[in-house]
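Understanding the architecture of this molecule
What follows is the residue order along each chain.
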Amino acid sequence: MHDSNTKIWSLSFIFIVVSNGLVFMIFEMLLPTLPLFITAIGGGASQVGIVTGIFMLSAILTRPFAGLLASKMDKKFLLILGILINALATGAYYLSSDITTLLIIRLFHGAGFGLITTYFATLAAEIIPKKRLGEGIGYFGLGETIAISVGPMIGILTLELYDFQRLFLGGMAVLILAVIMAILIKRAPNGRELDRTASVKTKILEKKVLFPALLILLVGTAAGGIMSFFSLYALEKDFSHVGLFFFVIAAASFAVRLVSGRLFDLHGPAVILIPGSIFAIIGLGLLYIANTDTVFFTAAIFYGLGFGALLPAIQTWCINLVDKQEHEDAMASFFNFFDIGIGGGSLVLGLIAEAASYQTIYIVSAFVYVLFFIMYVVYLLIKKTFKRISLSGISRV
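This text gives an overview of the structure that appears in the document. On a predicted model such as this, the values are computed, not experimentally measured, just so you know.

**With respect to a nonpolar patch on the surface**
A surface patch of nonpolar side chains, about 510 Å² in accessible area, is lined by L84, L88, I176, L177, I180 and L184. For the nonpolar patch, the elements supplying multiple residues, two or more each, are α4 (75-92) and α8 (164-183). Broken down by element, the nonpolar patch gets its largest block of residues, three residues, from α8. As for its placement among the helices and strands, L184 is situated in the loop between α8 and α9 (191-196). On the basis of relative accessibility, which here comes to 46%, the residue L184 falls in the partly exposed class.

Structure (structure tokens):
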């Protein structure tokens, strides 16, 4: 796609969106089913935590090398390699007869996932016209949003109808389809040049995106509470529509992304981040007091609107803060902080649930978003003050 062209929906962009969506669908499909497999091969609750943790740790440790790898090899090749690793690891789960073998496969799977999440976003940013980047990244995330809503349902349904063999081999087949789509992606004309100028340093954190990365850490922390504990909270509250609850979150996220990206491009991050955090606070507050199906679903709508608007907006903001050759480092920092938020949030909120109740998780998560709101407003005020000082300095000169 040429810079002069303002069209987003090229064939390559469609392949990126769908392929990324398929990868996330299989990732989400394994979230509720892999713990059942662990118990089936003789593991306990602590092993479930270790298997989840080692995957995230492997992904986090792989991402700082994304820029270095991109300077040596073609980004598209690295993306295909990442999806292929995911496909083979998903199929190989069935061969695990003990926890040790499963942990080794998880290490490889996590490394592949670390590559995928970095290069998908940077390849998408490469072919989206700069003036419509916010809108394009919003659309790019739609595949993920749909996958997050249907993945767990597909996983549970596959196990109910078939067995673990069909679950893992079926997941592998879907990821092979994602590989084929990735092969068909055509890169931007200057894509190879960007690879050669990619950052050759292994960065744990791209300093330019530190502040938005801290904000996405908070978003991840609250998301960890929804992902890990909502099923248990629903049981406590006699709420039986768990699948539908997640579907409503995904539908609200989908709807808001159709407009939030365009607003970001026209007005910048503030127009998304302030209302988005307020929506999330309302959603989590309602979840805390929910006693009827209506309140649960209203909470899902508000949380979905907030989460769905914030994620692509912060992602685009990170991309905008760096030069093109630093996109890998920015995305690695973004996803690492998000994953640390989810992992750390699940751990801390789990301890809170043990000490108090599952209900307490959601008022704590609401306060996490209050902190998000305060941090961002303070950031805007400091930025405004510095701008005023620098302008008054110029006028004196």
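**Quick notes on the pattern of salt bridges**
Considering all chains together, one arrives at eight salt bridges under this definition. The salt bridge involving E126 is made with K75; its shortest N-O contact spans 3.7 Å. With E126 in helix α5 (residues 99-127) and K75 in helix α4, the pair connects residues that are 51 residues apart, well separated along the chain. Looking at E126, the relative accessible area reads 7%, which means it is buried. Here the residues in one salt-bridge network are D74, K75, E126, R187 and E328, joined through shared partners.

**Points about unusual backbone geometry**
Unlike most non-glycine residues, D238 shows phi in positive territory, near 60 degrees. Structurally, D238 can be placed in the loop between α10 (210-236) and α11 (242-267).

**Brief notes about α8**
Given 3.6 residues per helical turn, the α-helix brings residues three or four places apart onto the same face. Under the 1.5 Å per step criterion, the end-to-end length of α8 is 29 Å for 20 residues, consistent within 8% with the ideal 28 Å. Every buried residue of α8 is listed here: F164, L167, F168, G171, L175, A178, V179, M181 and A182. Within α8, the buried residues cover an arc of 160 degrees as seen down the axis, which keeps them to one side.

What counts and what doesn't
Residues numbered from 1 in each chain as written. Predicted model: local features only at pLDDT ≥ 70, side-chain atom pairs only at ≥ 80, totals over all residues. Heavy atoms only, no water. Patch = residues over 30% accessible without salt bridge, like charges linked within 9 Å, V, L, I, M, F, W, Y side chains within 5 Å. Areas by Shrake-Rupley, 256 points an atom, 1.4 Å probe, with all protein chains shown as cover. Salt bridge = Lys/Arg side-chain N within 4 Å of Asp/Glu carboxyl O. Helix = DSSP H or I, 4+ residues; strand = E, 2+ residues; numbered from the N terminus. Buried < 20%, exposed > 50% of the residue type's maximum accessible area, 1.4 Å probe, protein only. Expected span 1.5 Å × (residues − 1). Arc of directions from axis to C-beta.

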